[in-house]
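Each chain, written out:
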4 protein chains.
Amino acid sequence: MIVVIKQNVPKERIDRLIHRIEGMGLSIHYSEGSSTTILGLLGDTSRIDERTLLADDSVEYVRRVTEPYKAVNRKMHPNDTVLEVAGRKIGEGYFNVFAGPCSVESEEQILMVAEAVKNAGASFLRGGAFKPRTSPYSFQGMEAEGLKLLMEAKRQTGLPIVTEIMSEKHLDLFADVDIIQLGARNMQNFMLLKELGRSKKPILMKRGLSATMEEFLMAAEYIYAGGNENVILCERGIRTFEPMIRNNLDVSAVPLVKTHSHLPIMIDPSHAAGRRDMVAPLSRAAIAIGADGLMIEVHNNPKCALCDGAQSLDLYQFTSTMEDIKKRVAFEGRELQTAL
Amino acid sequence: MIVVIKQNVPKERIDRLIHRIEGMGLSIHYSEGSSTTILGLLGDTSRIDERTLLADDSVEYVRRVTEPYKAVNRKMHPNDTVLEVAGRKIGEGYFNVFAGPCSVESEEQILMVAEAVKNAGASFLRGGAFKPRTSPYSFQGMEAEGLKLLMEAKRQTGLPIVTEIMSEKHLDLFADVDIIQLGARNMQNFMLLKELGRSKKPILMKRGLSATMEEFLMAAEYIYAGGNENVILCERGIRTFEPMIRNNLDVSAVPLVKTHSHLPIMIDPSHAAGRRDMVAPLSRAAIAIGADGLMIEVHNNPKCALCDGAQSLDLYQFTSTMEDIKKRVAFEGRELQTAL
Amino acid sequence: MIVVIKQNVPKERIDRLIHRIEGMGLSIHYSEGSSTTILGLLGDTSRIDERTLLADDSVEYVRRVTEPYKAVNRKMHPNDTVLEVAGRKIGEGYFNVFAGPCSVESEEQILMVAEAVKNAGASFLRGGAFKPRTSPYSFQGMEAEGLKLLMEAKRQTGLPIVTEIMSEKHLDLFADVDIIQLGARNMQNFMLLKELGRSKKPILMKRGLSATMEEFLMAAEYIYAGGNENVILCERGIRTFEPMIRNNLDVSAVPLVKTHSHLPIMIDPSHAAGRRDMVAPLSRAAIAIGADGLMIEVHNNPKCALCDGAQSLDLYQFTSTMEDIKKRVAFEGRELQTAL
Amino acid sequence: MIVVIKQNVPKERIDRLIHRIEGMGLSIHYSEGSSTTILGLLGDTSRIDERTLLADDSVEYVRRVTEPYKAVNRKMHPNDTVLEVAGRKIGEGYFNVFAGPCSVESEEQILMVAEAVKNAGASFLRGGAFKPRTSPYSFQGMEAEGLKLLMEAKRQTGLPIVTEIMSEKHLDLFADVDIIQLGARNMQNFMLLKELGRSKKPILMKRGLSATMEEFLMAAEYIYAGGNENVILCERGIRTFEPMIRNNLDVSAVPLVKTHSHLPIMIDPSHAAGRRDMVAPLSRAAIAIGADGLMIEVHNNPKCALCDGAQSLDLYQFTSTMEDIKKRVAFEGRELQTAL
């Protein structure tokens, strides 16, 4: 349920109204735009009589939100959410490229890639320390040791870090990580979502392989409902019947998220197709359709990568792809975030 | 099987080789690029011994094409195919917008829409006379009468016509149509494909709702195998599990077609999502990823359209979408084809 | 819209009512059950005022049918439709096995298979003369010659024939065929559906690879709307993401069809999985869930079959599978139809 | 890699061989059938030279397992695995029905349902204490309190308990649970899989909504790789394009699992379709195709259920469905496991 406040109502009257609503056992999502202030009422609003709210002089009108996602719903928050993480802005008007290897493999490797992606224009270093692998016999990542190497790469390059969490019990290890990634296979790991909701860390949440848009937004709602409003969505391809590529990038997700939610949404073209030659064309489509950023796998030596080599760009390919990306981001009138 | 000819081999020696190969019961797809001439051998090549071909002095090398699509395979024809239809070029370097109503409904309607889309920058008028409808009780199109109205619109505006065929027995009625559209539900109507192969008309072939890329190219191969080399592919969304939109536009189809085939490929953003608000963003993605054109539904009064009103742009929306399209096509360095 | 007639209303009064409704421009689907007579009104019923029908003394009540499928809707016809074709009953209470090779390949082959499937307990001989093939270079069937061989097999064994049509222009060739099969790829070939509606031949209509249940029933509605009430549905697997099998047999289709329609539905386990070893287990599931029959591919020498050998049973395998089928059909209390 | 032991080799020589192989850094899956003993070698077998194994006199032959699933592969263990849990046998030859409510809601409710399903013939009581819900605002289960009520129901009825775990940190709470269920959305929650591998509890692992068969078996491989060989698979419907039902039950999963693995597989017809009227027909198909059991939702008052009421049978419906199930299980020659 949203309560739209009349224009020019003094702050103390709004506060009084908020206090009254909280007394009804609800919590409030407060959204102040340039001309409109909206109170989003979260919790069981079914027993609230709209007339008791309308009776308040501050209230312009009251509307129920029929979608199951409430806090992440654009109706609750008409303006785009723009996050600020480690000095970079993420969301409408800004464009970020998160780049780095699928897995951290060694100090030498991560430092070399970090330096290269920084120079090419990436704003964040991505790299996996805990790796979700289909097989228990595959390399499972360097784990805590990998996180340390990422921190060393951050120290040396100044690039903030994005890396994936696989269990709530590792949360303490992620204290210095800038953005915690939640993988596609954990999008509906509800216990982990709840823990991430209790954290205040920015969360990059990937869409499940066959998650509907509603399920995608509901997973973000879990994080919001826990009190964490720092969520970035990421589309990474959906599972279909096509054997030529690993997944089909669903570019429709971008305008659908923009219509129904205020959250930023990025695109991962590397995992989508699982093919190096698709990264550049899918990136172009992503920028044009309005994605807020890209997440690209880059490796110093893709042929020898311990994971996902077939989809990784080498340092040279990434640099030249970034040249194209820069021109396109400028064409769209957006500001590329880079190393500071 | 492809036979690559040595450089500077005189034409008569190539002709002699062709004659010899035809004598083996095969037909030839001839492709002459700036530096390479390639003979594509079509038919049952399993009994051909490569050595008998290599023994010919004109032959540089011989390679078997493992994919089941042969004539439409880029290996047979390394350069992009560019068609010329009614004075417009279709394919690499050029960009076309086919626009018009889902159905021809009346002379007044089609003339009004034709005039508007011409002025906005469309190169072809699309409009349905024979309509494939899920229900036998829905409006089935104006049929032969609709084709006549399209011809009248062509006479008055000079716009060439794209319209859908639903049965081989109607082929004579399509004699003055510029491009015959084959609908998604008929992509594997093999008898119709064979008839279209015997025709010389350019064919706009839509991808089936759940056709793999290989099946898509194999359907085009049917038309080629019949002798018609004027095929334009069109991606229009694939069926998935997502209920918010009718279909998910599969932009990956564009780079995949460009990699594996030499045929032009357009995108239909209107049918893909089935929602008017998705047409502009999907069009942007299509242009950026390298599609050779767009097919957009436009109606003078979408609310009263006899079919697919929810996805049709009105004349004003189309005109403003075209302004955006023109800038993007120019940015990509491609030449927009328009009314002559 | 359905009109339920009061009990014990004399026939002439019902006829008068029918005459009156036809005068409104509608056609009637008449269904007489043991205790209830129902008139199904087909056509544009939106302008009919229910009260003018309720005013008739014969009318018990009137109800609008909200589903887009009308004539094939169970609401129009509460009892199961049971067809009688060449002396065999198809539908509730009866069970049929249609068996034979994917393609007719020679007189010797089809006669040998026909004799064997007859002896094993099949009620119809299936065999393809016109073959829908993904590749234009694959064997396309023996066409008219294949139909003649099927007729010869029928003459010698007495087994009626099921074979696939691919174009309305071949309809005359199918005059002596007992059941015309419409293939999955033509399920929404609306022109062919209309022609089959004008025919009086029983039609075995396969579900499209990604057709929803509603689209499946709407395709049958096309045939009914043309005047042909002899339709048998056939589920043959849907396209999903699973690479181990060609398609996933959707057994849910059987209870869904039985709930929403009165038409018989068979299952094709051979095309579903595309693997011989799956035919017997899928057949067991089909019988248990209430399918009205099975369509099984049988070949005298699967290793050398010109098409679909990997999924064909050999004569011995079919005979032993039939032993299992017979026990299960008896367990379900249904009557196996066999050679007469 | 599997090592097949010659017949009549004394146990101590096999032990010596095992010791030698373990010395190479591999672990052993030991499978002793009536006539064959097989050693399954787990770990990185790529550096093992087959000849050094063949040189051992006890060894009949050595074969590499090309599938990525090793320990759960039927090649490692040709006989079906039959588990014994709380005195009931699960696997080939036996048939179990796990029944109970989606959620434990109160002591009265769970006791009433437990008593009823026991009397009807269920062998295990299922009930959710921790509930994975799409919405953070939906009832999340009674959690630890729910587990206590399940234990009370077990004490009073003697029925062992199956209930779902959602986080590795709850594992201690599940000490008295007989079978731990892993939900579809957690099938690739690899950290949880690893913890369940370290446990010795029997695990009922549901297939993810869009998991391929290979991914399904690989998830079971994670549990095996951790040392827990008590895994029961459960197919519960896959996500497709069909809107009439929640998911399409994939009965093909049963013969595919039986071909490629030795693990038992059950079917959950309640979650598959999400419709009460589909439970009985899907159960019939499941029994006929060879599933080792069913998992059915039963509620004393489905209309008021806190979750999934639409798919729950009431006590009367369950009892009559069980009558049908008993006859069918007997027909298949399998032994129904019931209350002791």
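Note: the structure precedes this text.
Because the structure is a prediction, the values reported are computed rather than measured.

Visitor: What's the story with the interface of chain B and chain C in this structure? I'm lost.
Guide: When the parts of a complex come together, some accessible area is lost, and that lost area is often used as the size of the interface. On the side of chain C, 35 residues touch chain B, which itself brings 35 residues to the contact. Of the roughly 3000 Å² buried at the junction of chain B and chain C (both faces included), carbon and sulfur atoms supply 54%. Linking chain B to chain C there are four salt bridges. A salt bridge links E215 of chain C to R239 of chain B, with the nearest nitrogen and oxygen atoms 2.7 Å apart. Elements that contribute at least two residues to the side of chain B that touches chain C include exactly α5 (190–198) and α6 (213–225) of chain B. With five residues, α6 of chain B is the single largest residue contributor to the side of chain B that touches chain C.

Visitor: Teacher, can you tell me more about the interface of chain C and chain D here?
Guide: Opposite the 38 residues of chain C that make contact, chain D presents 38 residues. Together chain C and chain D conceal approximately 2900 Å² of surface at their shared face, both sides included; 69% is due to carbon and sulfur atoms. Per-residue buried area on chain C facing chain D is highest for F241, M244 and F331 of chain C; these three make up 21% of the total on that side. Our count for the contact surface shared by chain C and chain D stands at four salt bridges. At the boundary of chain C and chain D, one finds six residue pairs in polar contact (both at pLDDT 80 or more). Elements that contribute at least two residues to the side of chain C that touches chain D include exactly α6 (213–225), α7 (253–260), α9 (279–289) and α10 (315–331) of chain C. The element that contributes the greatest number of residues to the side of chain C that touches chain D is α9 of chain C, accounting for six residues.

Visitor: I tried to follow the relation of the copies chain B and chain C on my own but got confused; where do I start?
Guide: The pair of chain copies shares a relation made of a rotation about an axis and a shift along it. In the superposition of chain B on chain C (RMSD 0.1 Å, axial shift 0.0 Å), the rotation amounts to 180°. Here the copies are linked by what is in effect a two-fold axis. The rotation axis passes nearest to the C-alpha of S210 of chain B in chain B, at a distance of 3.3 Å. Comparing interface residues between copies, 100% of those in chain B also sit at the interface in chain C, which points to an isologous, same-surface contact.

Visitor: Sorry, what's going on with the packing of aromatic side chains here?
Guide: Ring pairs (aromatic) are described by centroid distance and by the angle formed between their planes. Residues and elements named next belong to chain A. Counted by the stated rule, this structure contains 14 aromatic pairs over all chains. With a centroid separation of 4.6 Å and 50° between ring planes, the pair formed by F98 and F124 is classed as tilted. You can see F98 sitting in strand β7 (residues 94–100) and its partner F124 sitting in strand β8 (residues 124–126), a full 26 residues away along the chain. Look at F98 and you get buried, because its relative accessible area is 0%.

Visitor: In this structure, what is going on with helix α7 (residues 253–260) of chain B? I would like to understand it.
Guide: Residue pairs three or four apart in sequence face the same way in an α-helix, which turns once every 3.6 residues. A large share of α7 of chain B lies buried, amounting to seven of its eight residues. Among the residues of α7 of chain B, those classed as buried are A253, V254, P255, L256, V257, K258 and H260 of chain B. Looking at the buried side of α7 of chain B, the elements it contacts are α9 (276–289) of chain A together with α6, β12 (231–235), β13 (265–267) and α9 (276–289) of chain B.

Visitor: Sorry if this is basic, but what is going on with the sheet that holds strand β3 (residues 37–42) of chain C here?
Guide: Sheet strands pair via backbone hydrogen bonds, and the direction of the pair is either parallel or antiparallel. All names here are of chain C. Taken together, four strands build an open sheet; the order of strands is β2-β3-β1-β4 and the sheet is antiparallel. A single partner strand is all that each edge strand has here, and the edge strands are β2 (27–32) and β4 (59–63). Going across the sheet, the axis of each strand differs from the next one's by a mean of 20°, ignoring polarity.

Visitor: Help me understand the relation of the copies chain C and chain D in this model?
Guide: Each copy of the sequence occupies a distinct position, and chain C is placed on chain D by a rotation of 180° and an axial shift of 0.0 Å, giving an RMSD of 0.1 Å. Comparing contact sets, 100% of the residues at the interface of chain C also lie at the interface in chain D, consistent with an isologous, same-surface contact.

Visitor: Explanation requested: the packing of helix α5 (residues 190–198) of chain A against helix α6 (residues 213–225) of chain A in the structure shown.
Guide: How two helices sit against one another is set out by the angle between their axes and by the gap between those axes. All names here are of chain A. The interhelical angle for the contact between α5 and α6, taken along N-to-C directions, is 45°, at an axis separation of 6 Å. Between α5 and α6, the angle is such that the two are oblique. Residues F190, L193, K194, L196 and G197 of α5 form the contact with α6, whose participating residues are A219, Y222 and I223. In terms of residue class, the contact of α5 with α6 is built from six nonpolar, one polar and one charged.

About the cut-offs
- Residues numbered from 1 in each chain as written.
- Chains lettered and ligands numbered in written order.
- Predicted model: local features only at pLDDT ≥ 70, side-chain atom pairs only at ≥ 80, totals over all residues.
- Heavy atoms only, no water.
- Contact = heavy atoms within 4.5 Å.
- Buried area = accessible area lost by both parts, 1.4 Å probe.
- Salt bridge = Lys/Arg side-chain N within 4 Å of Asp/Glu carboxyl O.
- Helix = DSSP H or I, 4+ residues; strand = E, 2+ residues; numbered from the N terminus.
- Polar contact = N/O pair within 3.5 Å; in protein donor to acceptor, adjacent residues only side chain to side chain.
- Least-squares fit on C-alpha atoms with pLDDT ≥ 70 in both.
- Phe/Tyr/Trp six-rings, centres within 6.5 Å; stacked < 30°, edge-to-face > 60°.
- Buried < 20%, exposed > 50% of the residue type's maximum accessible area, 1.4 Å probe, protein only.
- Pairing = 2+ DSSP bridges.
- Axes fitted to C-alpha atoms, helices over the stretch in contact; angles between N-to-C directions.
- Parallel < 35°, antiparallel > 145°, perpendicular 65-115°, else oblique.
- Nonpolar A, V, L, I, M, F, W, Y, C, P; charged D, E, K, R; others polar.

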